[in-house]
Amino acid sequence: MFLLLKFHHNRLFVLFLAFTSFHICCFAQISATSADKRMKKVQQRKELEKRSVLNDISFRNIGPVTMSGRVVDIEANPDDPTEFYAAYASGGLWYTKNNGLSFKPIFDSEDVLTIGDIAINWKTKTIWIGTGEVNASRSTYAGIGMYKSNDNGKTWEYVGLPDSHHIGKVQLHPTDNNTAWVAVLGHLYSPNKDRGVYKTVDGGKTWKHTLYIDDNTGAVEMDINPQNPSELYAAAWYKTRAAWNFEEGGKTSGIYKSNDGGDTWKLISGAGSGFPTGDGLGRIGLCIYPKNPQIVYAILDNQNNKPDTARRDSTTYRTADFKGLTKEQFAQLDSKRLDTFLSRGRMYPKYTAKMLKEWVENGKYKSSVLYDYFNVNTGFESNPIGCEIYRSDNAGQNWKKVNEKEVPIFFTYGYYFAKIYVSPYNEDKLYALGYSSQLSTDGGKTWKNMDKNNVHADHHALWVNPKKDSHLINGNDGGVNITYDDGEVWFKANTPPVGQFYAITTDNARPYNVYGGLQDNGVWYVPSQSGRNPFAGSGLGQTASGEVNIGGGDGMYVQVDTRDNTTTYYGSQFGNYSRTNRITREGTRRITPRHELGDFPYRFNWQAPIQISSHNPDIVYFGSNHFHRSMNKGDTMITMTPDLTNGKKEGNVPYATLTTISESPTRFGLIYTGTDDGNIHVTKDGGYSWEQLNQTLQTSARKSKVKSQIPIAIGTKLQTNGLWVSRVLASQHTEARVFVTLNGYRFDNFAPYVYISEDYGKTWRQTGKDLPYEPVNVIREDPKNDSIIYVGTDGGLYVSFDRGNNFMMWNKGLPKSVPVHDIAIQQRENEIVLGTHGRSIYIAKLEEVQKKAKK
């Protein structure tokens, strides 16, 4: 072991390294979990539920419901549209028969809650569910295949395709109830062969893989000729995703057609067809005009770069203008334009053109200093062509682009949308979904926005009434909206508690409030006890009212100063955090740390961690790729470390960032951090010196000659193999005890990784070996009994009475399976609070749990 001493802006950092070489950035070949292992979890869950002694203790759902969650499909009864189903990305399937005034969940009894698509045979009331959302986002959960119900969701039958992971479309034969096709997108983060189109002719008993392109190209969309069911279209989508990079399109994307009922397929969008070809082909949506099936529409996310025809602002520069400049070229920059650039970048008058030119000239800074300072890549900086609309009038033989102007609904993330619909009786009336919902009445030439103030952005599903095409039911990131006049007026149908929480916390008010950040729905707080309003018809009991919004965007971590229960720290994606008084909103201040000139921009995780010190709430800890500390409530953030990750990895997704921070409740200054690339560090002096607690793969493999695809403890260090550190938790009972959970979701590795150390992280043992194959998100200790620990996974909540040696399921009052993203313990009330990603917030008393543990 040796000391690495580093000076950074006149601050000396001491970093204890356990390496004998400087080869620090390496990743094990983490393999995707096999379908057999994933299906094994079904039996594992049954065993853990059977052994549970806790399922007479029920959770209660407190909502909130106002902001809802992401809808992926809507299917309504064409003869009575007040009866419809709403499928949520991670909130299950909900049914209404009163036009959305109330809903009830009908898929909560199964071992998976995430949905990609549904299909309904309204004559027989047969429901088909393709599990696993297809929208390829950071919060897209993998399914385990197909389910089917013949009794309106009272009972379900699993009908296969276990390695499909993400399903884009379930297409039913219009007259044969046993024949169906499924568009399988496949794995999100790894190649796999089970992509493409599958067909069954026996009601799902067996499946035939009829369209396969390659291991990275799946099927995302399908449609059928209602007049000739032997004629089908499928959209293929090439994409690759890693934790650090998302390739949103490729040359194997395209449109395929079958003329024999989906038994064989032919590419119809190749060269000469009029449809784009090449590496920029992203997600594609399809629809057939039912009255004349020769007419087929396609919506394309064109990832090719948009021509740079924008008028340049001659008064300033752009960041790209500074790329590759020599010292001489930097000196020739126009000083007035440079000062304007610095002013708009909030650097002037601290820095001026004159200063920078002098500093570059004398070598204090490189000529790339401004490009290095401002250049970031979060995946939202590119400028693709985006949304394009194509039409074929000869059943797909030829295609023509029809939109005359830009359809500004995709921006940089068309992979999240690309859905198009056509009126059942007007070939020129089209609906396109993206960031906004759009209507065209001239065959796609021009478009207008249908959204109103009460309609959430980001649209994924639309049902068009076949008898009245101005009657629409829309599914978006904020739930369900209904209109009867082509979007002139919308009303919300948001009674299901399906909020997708990333993180939660509580204060000490009476009654206490629960705070949380939600996927694309900002930051809110809700009273844990309040006036009661039933989820009408949902069977979920009561909800607290009085939910209050604090911030927007994608809501992330929240921290509350419990001295006043009003000073709140909250944030959105990529480290955008502020402090405010949640009651008065006075003194709102941005607290995100900012790098200094000469440094590269800090890298912030999608869910950047923040923590208030329990020893002195004036002290705030914050994570980028560095560890930051404020002694004055965030007014000043001091960078306390060099880069704690394995270093920047090229890509368009921020990576090599801190994901978790935990200060010991028993000792001030004892702090642990974890990163998304597998590093774990500890400081015992408030951040001045640090020790790395994990080994990199190269070092550990060289010493032990072990070639492993899973994290293991080797010698004195934990080998994390580059997996995401989802949580590090300093014990509140024993100073030297610390817990770590690793998460393989971004490798499609679903094994549970839970570790405990009794000596400040010097040595580790694995616990939770009987947990099912579900990625682990969070771990918490019981506030009174140090033998009880709670673990939240992508599938639910598990409890151990013996510090992790044996677990049991606790799901009374919960869906059988639900992603538990965060757990908070309200110590004064002795209650556990669950932040779920799909079913909002649940609370339960811990007294009975603690009594049972003593027995």
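In this report, the structure presented in the accompanying data block is examined. Keep in mind that what you see is a predicted model, and the values were worked out from it rather than measured.

1. Observations concerning the side chain of Asp-507
Link 1 in the chain: Position of Asp-507 relative to the elements: it lies in the loop between β34 (501–506) and β35 (513–518).
Link 2 in the chain: A polar atom in the side chain of Asp-507 sits 3.1 Å from the backbone nitrogen of Ala-509.
Link 3 in the chain: At 2.8 Å, the side chain of Asp-507 forms a polar contact with the backbone nitrogen of Asn-513.
Link 4 in the chain: If near-sequence neighbours (up to four positions away) are discounted, Asp-507 is found in contact with Tyr-512, Asn-513, Tyr-515, Val-560, Thr-562, Asn-565, Arg-582 and Gln-826.

2. Considerations on the environment of Met-640
Link 1 in the chain: By the element assignment, Met-640 lies in the loop between β47 (638–639) and β48 (658–663).
Link 2 in the chain: The sequence separation of Met-640 and Thr-319 amounts to 321 residues, and the corresponding C-alpha distance is 28 Å.

3. Description of the sheet that holds strand β23 (residues 296–305)
Link 1 in the chain: The four strands are arranged β22-β23-β24-β25 in an open sheet whose pairing can be described as antiparallel. Of all the strands in the sheet, the pair left with one neighbour each is β22 (281–288) and β25 (400–401).

4. What to know about the packing of aromatic side chains
Link 1 in the chain: Per the counting criterion, the structure on display carries 32 aromatic pairs.
Link 2 in the chain: A ring pair is formed by Tyr-515 and Tyr-525, whose centres lie 5.3 Å apart and whose planes are at 35°; its orientation type is tilted. Of the two residues, Tyr-515 sits in strand β35 while Tyr-525 sits in strand β36 (residues 522–527), which places them 10 residues apart along the sequence.
Link 3 in the chain: Its relative accessible area of 0% is what places Tyr-515 among the buried residues.
Link 4 in the chain: One residue, Arg-38, lies across the ring of Phe-750, its end atom 4.2 Å from the ring centre.
Link 5 in the chain: When the ring centre of Tyr-317 is taken as reference, the NZ or CZ atom of Arg-337 above it lies at 4.1 Å.

5. Re the sheet that holds strand β9 (residues 126–131)
Link 1 in the chain: The strand order β8-β9-β10-β11 describes an open sheet built from four strands, whose pairing is antiparallel. Across the chains shown, the open sheet's two edge strands, defined by having one partner strand only, are β8 (115–121) and β11 (157–158).
Link 2 in the chain: Direction of pairing for β9 relative to strand β10 (residues 146–149): antiparallel, over a ladder of four bridges. Looking across to β10, one finds that Gly-130 is bridged to Met-146.

6. Considering the pairing of strand β32 (residues 479–483)
Link 1 in the chain: In terms of burial, β32 is largely enclosed, as five of its five residues are buried.
Link 2 in the chain: Relative to β32, strand β31 (residues 472–476) runs antiparallel, the two being bridged by five bridges. Note on β32: the bridge partner recorded for Gly-475 is Val-480.
Link 3 in the chain: In this structure, the hairpin formed by β31 and β32 is closed by a connection of two residues.
Link 4 in the chain: Two elements, β32 and strand β33 (residues 490–492), share three bridges in a ladder whose sense is antiparallel. Looking at the pairing, Thr-483 lines up with Trp-490 of β33.

7. A word on the packing of helix α3 (residues 335–344) against helix α4 (residues 353–361)
Link 1 in the chain: Taken N-terminus to C-terminus, the directions of α3 and α4 make an angle of 105°; their axes are 8 Å apart at the nearest point. One way to sum up the angle between α3 and α4 is to call them roughly perpendicular. Counted together, Ser-335, Leu-338, Asp-339 and Leu-342 of α3 and Ala-353, Leu-356 and Lys-357 of α4 form the full contact between these two elements.
Link 2 in the chain: When grouped by side-chain class, the residues that make up the contact of α3 with α4 number four nonpolar, one polar and two charged.

Cut-off values and rules
Residues numbered from 1 in each chain as written. Predicted model: local features only at pLDDT ≥ 70, side-chain atom pairs only at ≥ 80, totals over all residues. Heavy atoms only, no water. Helix = DSSP H or I, 4+ residues; strand = E, 2+ residues; numbered from the N terminus. Polar contact = N/O pair within 3.5 Å; in protein donor to acceptor, adjacent residues only side chain to side chain. Contact = heavy atoms within 4.5 Å. Pairing = 2+ DSSP bridges. Phe/Tyr/Trp six-rings, centres within 6.5 Å; stacked < 30°, edge-to-face > 60°. Buried < 20%, exposed > 50% of the residue type's maximum accessible area, 1.4 Å probe, protein only. Lys NZ or Arg CZ within 6 Å of the ring centre and 35° of its normal. Axes fitted to C-alpha atoms, helices over the stretch in contact; angles between N-to-C directions. Parallel < 35°, antiparallel > 145°, perpendicular 65-115°, else oblique. Nonpolar A, V, L, I, M, F, W, Y, C, P; charged D, E, K, R; others polar.

So, to be careful, I would describe these as geometric facts and stop short of saying anything about function.
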